[in-house]
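Single-letter residue listing:
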Amino acid sequence: MPKHELILLKNMMQPGYTGSLQDYERAGGYQALRKVMGKVPPAEVTAMVMKSGLRGRGGAGFPTGVKWGFLPKGYQGPRYLCCNADESEPGTFKDRQLIERDPHQILEGIVLACYAIGAETAYIYIRGEFVLGARILEQAIAEARTAGYIGTHILGTEITANVWVHRGAGAYICGEETALLESLEGKRGLPRIKPPFPATHGLYNKPTVVNNIETLANLPHIIGRGPEWFASIGSPPKSTGTRVFCVSGHVKRPGNYEVPMGVTFRELIYEQAGGMRSDKPLKAFIPGGASAPFLTPTHLDVKLDFESVAAAGSMLGSGGVTVMEEGTDMVWAALRLMEFFYHESCGKCSPCREGSSWLVQTMRRIVAKRGQMEDLETLVHLCKNIEGRTVCAFGDAEVAPIMSTLKHWRPEYVALIQAAEAANLIKLEPAVVRH
Amino acid sequence: MTDDRKITTGMKLAEKYRDEIADILGRYPVKRSALIPLLYLAQRDEGFVSEAAMKEIAGLLRLTPPQVYETATFYTMLNLKPVGKFHLQVCKSLMCALAGSDTVVGWVKTKLGIGPGETTTDRLFTLSVVECLAACGTSPMMQVNEDYYERLTEERFDRILADLKRDGICQLKTGPFMWPEPVGEKRQ
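Residues numbered from 1 in each chain as written. Chains lettered and ligands numbered in written order. Predicted model: local features only at pLDDT ≥ 70, side-chain atom pairs only at ≥ 80, totals over all residues.

(A) Representation of the overall build of chain B within the structure. Secondary structure assignment for chain B yields nine helices and four strands. In sequence order, chain B lays out its α and β elements as α-α-α-α-α-α-β-α-α-β-β-β-α. Seen through its C-alpha atoms, chain B measures out along the principal axes to roughly 50 × 40 × 30 Å. In chain B, which comprises 188 residues, the share counted as buried stands at 38%. Considering only residue pairs separated by 6 or more positions, chain B has 55% of its internal contacts joining residues 24 or more positions apart. (Helix = DSSP H or I, 4+ residues; strand = E, 2+ residues; numbered from the N terminus. Buried ≥ 20, exposed ≤ 12 C-beta atoms within 10 Å, placed from the backbone. Contact = placed C-beta atoms within 7 Å.)

(B) Quick look at the packing of helix α6 (residues 94–101) of chain A against helix α8 (residues 131–146) of chain A. Residues and elements named next belong to chain A. At a closest axis distance of 8 Å, the pairing of α6 and α8 adopts a crossing angle of 35 degrees. In terms of crossing hand, the pair formed by α6 and α8 is left-handed. Contacts between α6 and α8 pair R96, I99 and E100 from the former with L132, G133, I136 and L137 from the latter. (Axes fitted to C-alpha atoms, helices over the stretch in contact; angles between N-to-C directions. Left-handed = near helix turned anticlockwise from the far one by under 90°.)

(C) Fine view of the confidence of the model for chain B. All names here are of chain B. On average, residues of chain B score 93 in pLDDT, and 91% of them are at 70 or above. Every residue in residues 1–7 scores below 50 in pLDDT, and together they form two contacts with partners more than four places removed in sequence or on other chains. Interface confidence for the predicted complex, given as ipTM, is 0.94, next to a pTM of 0.95. (pLDDT = per-residue confidence, 0-100.)

(D) Expanded view of unusual backbone geometry. The residue after S139(B), namely P140(B), is reached through a cis peptide bond having omega -5 degrees. Secondary-structure assignment places P140(B) in the loop between β2 (125–130) and β3 (142–144). For the bond from W179(B) to P180(B), the omega torsion is 0 degrees, close enough to zero to count as cis. Not every positive phi belongs to a glycine, and L155(A) is a case in point at roughly 50 degrees. With respect to the element layout, L155(A) can be found in the loop between α8 and β3 (162–167). Here A134(B), not a glycine, exhibits a phi torsion of approximately 60 degrees, which is positive. Counting through the fold element by element, A134(B) comes out in the loop between β2 and β3.

(E) Spatial organisation of the domain arrangement of chain B. Along its sequence, chain B is carved into domain 1 (3–72) and domain 2 (86–167). On a C-alpha basis, the centroid separation for the pair domain 1 of chain B and domain 2 of chain B is 29 Å. (Domains from an automatic or database assignment.)

(F) View of the domain arrangement of chain A. Residues and elements named next belong to chain A. For chain A, the assigned domains are domain 1 (10–232), domain 2 (242–325) and domain 3 (330–422). Computed over C-alpha atoms, the centres of domain 2 and domain 3 are 23 Å apart. If you look at the interface, domain 2 gives eight residues, while domain 3 gives eleven residues. For the side of domain 2 that touches domain 3, the residue count by class is six nonpolar, two polar and no charged. (Nonpolar A, V, L, I, M, F, W, Y, C, P; charged D, E, K, R; others polar.)

Pasting the structure below:
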């Protein structure tokens, strides 16, 4: 028996649960929808979500009810719900499981959200690689449409909510909400300058809400069991509910674990994920996906909630926890992540586009034992000129691996450079060239 | 590609996939939103997105060819050049690298003789080294065309290659994902 009550993963943990409409209904599914459709005013549904304290599970942790509240009041015309299933943050693989194992839980959440915000159309933007997930969702939508949960006249009311699956085509940046909207409009996925925010000028310039899949999956439970119940779970008042954390790296049992927010990293890594895979102790971990700064063993007793992780100098982000054992080369690890960001920079803002290339080249040189001491200053200088100077948060994310490893493991960088100096290689020009 | 293929694909997408295209267009209030779905359709038809297809799609959506091209070139899953019958995409991001994804790239090199971006001479396999595919807990992994293969070992990797060569399909591909696996269900 799991130590904590499961909410999102509960159904799929039942032996034989297939995720079909029949299975979902048998487990109490679509009851929340029946409870509110045409009976509870939409504004009250939004109020319930606000009261529950639910915060976005995609990375930024913005309160969901507040986000919905930003939609213009009394606006006549279409509004849209976009469901972010782009799941592209390295270290994160929870949405994939929520989609493929219990698609109706998500669909019920989507229809509830559509009802609350007055949207008649929802698009599920799913990353292109999830071909199976897209197929499962399409099938579930067809089932729900036949049963009267999706489409026009939902459950005999005058309410309409159509749901479509839209596959992305391989671009990390499309997980950023405005880039997602651009991509959904058939353009390159370049983030938009905010303001205006999607709430007023979103998809096709219409009022739009973008919510993560896990956020939406929580809605049937909040509406079904009440916001007070939800708000009592986790680490209230600011981090309520559970989260599905994705544990990867050097642990015995990597995988998805749903725990109430506020448990410690120690519990997640050593109890849920079974501890380290060998007798080597833990050296470092990333608490919330590739964009989150690295933490050290001294942070193991930090609580997994938005505020605690932020106070420790990192962020809870997307919930992807990557564990590294003693012996892992931290400069190499930072370079791997930097190569990811270099590959995925969309190219819109110069500091990020050019800076990521320079950072990768400087890092590669250090790892190849051809670096020099000035390179460390160059790295910091570059990072400081990227951070906060880009349209979206990508710029802040890409400097996290280098800045945090330099902070905690600077001697490893120095050792590599000293090895280069000892080898007495020809001194290179410090300037970096794009190739 | 042989001339035969050109003849069959010479047929316009609009004639060949009339209903499917109508279905796609019906989902969006603005035509351009159908661009990526139609590019996927073209890729399914020819194995890659050709210039001719892009021009046709531009006409269908009332866009200029450069508008189609600028979108097509942004996304890594749209192949603007033909790839082998089986497109091996090995994830190299940190989480997979911690579990030995560089070794997987090495197996491809020794067993198939190709490096990243290369295709075998029989045009069966193309290798791409890609960034995170959201399978970090079951790494190392690779995607082959539409399927995920996870927790790769050399033995499993050999079997995947052999099965694909012989049958075009391999049962080791991941089904509906869950990890750790639920009680009473054992994955191969």
